[in-house]
Amino acid sequence: QVRLVESGGGLVQAGGSLRLSCIASGRTVTAMGWFRQAPGKGREFVALIYWADGVADYSDSVQGRFTISRDDAINTQYLQMDSLNPDDTADYYCAATTYFWDSYHLKQSQNWLYWGQGTLVTVSS
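Read on for a plain summary of the structure. (Residues numbered from 1 in each chain as written. Predicted model: local features only at pLDDT ≥ 70, side-chain atom pairs only at ≥ 80, totals over all residues. Heavy atoms only, no water.)

Points about the overall build of the protein
And step 1. What the protein contains, in helices and strands, is one helix and eleven strands.
And step 2. Each helix (α) and strand (β) of the protein, taken in turn from the N terminus, gives the series β-β-β-β-β-β-β-β-β-α-β-β.
And step 3. Its C-alpha atoms give the protein a radius of gyration of 13 Å, within 12% of the compact-globule value 14 Å for 125 residues.
And step 4. Across its three principal directions, the C-alpha atoms of the protein cover 40 × 25 × 25 Å.
And step 5. Within the protein, the proportion of its 125 residues that are buried is 46%.
And step 6. A fraction of 58% describes how many contacts in the protein between residues 6 or more apart in sequence connect residues 24 or more apart.
And step 7. A total of about 6300 Å² of accessible surface is found on the protein, and carbon and sulfur atoms cover 48% of it.
And step 8. Considering the protein, the positive charge centre built from 9 side chains and the negative charge centre built from 12 side chains are found 4 Å apart. (Helix = DSSP H or I, 4+ residues; strand = E, 2+ residues; numbered from the N terminus. Rg over C-alpha atoms; globule rule 2.2 N^0.38 Å. Buried < 20%, exposed > 50% of the residue type's maximum accessible area, 1.4 Å probe, protein only. Contact = heavy atoms within 4.5 Å. Areas by Shrake-Rupley, 256 points an atom, 1.4 Å probe, with all protein chains shown as cover. Lys, Arg positive; Asp, Glu negative; His and termini not counted. Charge placed at Lys NZ, Arg CZ, Asp CG, Glu CD.)

Shown next as structure tokens:
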């Protein structure tokens, strides 16, 4: 089992920045990621990072604005979100897996094993 605890959501004006954190405890993970879900919409892939080598991948909608990183000494991943706009408003969920998947499969939410409780990010215009 892996337990995930997120923090860092909040209200920010358009153009601003926020950093989300997610602490993992339990089994060693192979990858961690972030998804988001806006009201009335499905869960959308945001970013992922492979724990062993730090290789990352992003959705087209956040590429160049968001940065995912990890600190494996404290089993924590981060999502630095810059140049936020109202379309980024959503509940953000931390995800983790102990399986080995390529990024194509990890961009699909059903292939992640563990989820955090979610943290709300609201971007005002």
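Some details on the side chain of arginine 65
And step 1. Mapped onto the elements, arginine 65 comes out in the loop between β6 (56-58) and β7 (66-71).
And step 2. On the basis of relative accessibility, which here comes to 17%, the residue arginine 65 falls in the buried class.
And step 3. Polar contacts involving the side chain of arginine 65 include one to the side chain of aspartate 88, which spans 2.8 Å.
And step 4. Sequence-distant contacts of arginine 65, defined by excluding residues within four places in its chain, comprise Gln80, Met81, Asp82, Ser83, Leu84, Asn85 and Asp88. (Polar contact = N/O pair within 3.5 Å; in protein donor to acceptor, adjacent residues only side chain to side chain.)

Brief notes about unusual backbone geometry
What you tend to see is this: most non-glycine residues have negative phi, and most peptide bonds are trans.
And step 1. Notably, asparagine 75 is not glycine yet its phi reads approximately 50 degrees, a positive angle.
And step 2. One can find asparagine 75 in the loop between β7 and β8 (76-81).
And step 3. Since its relative accessible area comes to 36%, asparagine 75 is described here as partly exposed.
And step 4. Here the phi dihedral of serine 83 falls at roughly 50 degrees; this positive angle occurs in a residue that is not glycine.
And step 5. With respect to the helices and strands, serine 83 occurs in the loop between β8 and β9 (90-97).

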